Amino acid sequence: MPLLGVNIDHVATVRQARRTIEPDPAWAVVLAELGGADGITIHLREDRRHIQDRDVRVVIDVAQVPVNLEMATEQEITQIALQLKPQKVCLVPEKREEVTTEGGLNVVGNLERVQRCADQLIEAGIEVSLFIDPDVRQIEAASNMGVQAVELHTGSYAEAKSPKEIEKELQSLIKAGQVANDLNLLLNMGHGLTYRNVKPVAEIAGVHEFNIGHSIVARSIMVGMEQAVREMKRLVSG
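Residues numbered from 1 in each chain as written. Predicted model: local features only at pLDDT ≥ 70, side-chain atom pairs only at ≥ 80, totals over all residues. Heavy atoms only, no water.

Per an unreviewed UniProt entry, the chain goes by the name Pyridoxine 5'-phosphate synthase and belongs to Polystyrenella longa. UniProt annotates the chain under Subunit (unreviewed entry) with the comment "Homooctamer; tetramer of dimers." Checking UniProt for the chain, the heading Pathway (unreviewed entry) contains the comment "Cofactor biosynthesis; pyridoxine 5'-phosphate biosynthesis; pyridoxine 5'-phosphate from D-erythrose 4-phosphate: step 5/5." (UniProt positions renumbered as here; feature names shortened; annotations may be inferred.)

Below is the structure:
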């Protein structure tokens, strides 16, 4: 049964829109856990557009479930992770001009940089995953690095419009997932998944965890965080 990691970045986005103190992401941690969240995900971006350094410290202290810190392979952020030691880190690509992460990390094209960052985190006892496109070459490169997990970028599936295109992207995730399973990597998935499109992906064999944020936070505005998480948990758990 897949686990559900709840990304609470956009709780912080609402706060940062007014540069005030509320809503505090720590509040969302407690409510998400009450709704059945198996993990909490936060992304400390270089530009600090939503999650701030204090948030990372407080979330790690408050959470009763594993915290997954998404981060770029930058040394400044790596040092913060090594100091605060979340249970998990997911290495992601990052561009300042993007609205959200636009694709997977190019592990093949940045082997030395990614390996150097991953090695520091693994040595510190932190579980490392790489956020990558459903591409066999990228999965094999991740496996060769010695990381514990990969998170497949589901954005192309989420953005597909026609039934034919949706099925094509779904098959790509299925095939990539099988490769990850064969290489004994934990298989996670995330990006763009919603209450409407998550069910087919949740039925893919071997998925360990989903990391879902925007859709849950958007739903929580209407029904509350606890209820929003409970509804998504029901969908991903079958």
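A. Quick look at the UniProt feature "binding site: 3-amino-2-oxopropyl phosphate" (unreviewed entry) in the chain. When the UniProt feature table is mapped onto this chain, "binding site: 3-amino-2-oxopropyl phosphate" (unreviewed entry) is found at Asn 7, Arg 18, Gly 192, Gly 213 and His 214. An extended arrangement is adopted by the annotated residues: their sequence extent is 208 residues, and the largest C-alpha distance between any two is 25.4 Å. Of note, Arg 18 is situated in helix 1 (residues 9-18). Looking at the element boundaries, Gly 192 is found in the loop between strand 7 (186-190) and helix 9 (198-202). (Helix = DSSP H or I, 4+ residues; strand = E, 2+ residues; numbered from the N terminus.)

B. Representation of the environment of Val 62. Residue position: Val 62 is located in helix 3 (residues 53-62). Here the alpha-carbon distance between Val 62 and Ala 26, two residues 36 residues apart in the chain, equals 6.8 Å. When near neighbours in sequence (up to four residues on either side) are disregarded, Val 62 contacts Ala 26, Val 29 and Val 30. (Contact = heavy atoms within 4.5 Å.)

C. Region of the structure containing helix 4 (residues 75-84). Where helix 4 is concerned, the buried positions are Ile 77, Thr 78, Ile 80 and Ala 81. Projected down its long axis, helix 4 carries its buried residues within an arc of 160 degrees, all on one side. Against the buried residues of helix 4 lie helix 3, strand 3 (67-71), strand 4 (88-91) and helix 5 (111-123). Just downstream of helix 4, Lys 85 is the residue with a positive phi angle, here 50 degrees. (Buried < 20%, exposed > 50% of the residue type's maximum accessible area, 1.4 Å probe, protein only. Arc of directions from axis to C-beta.)

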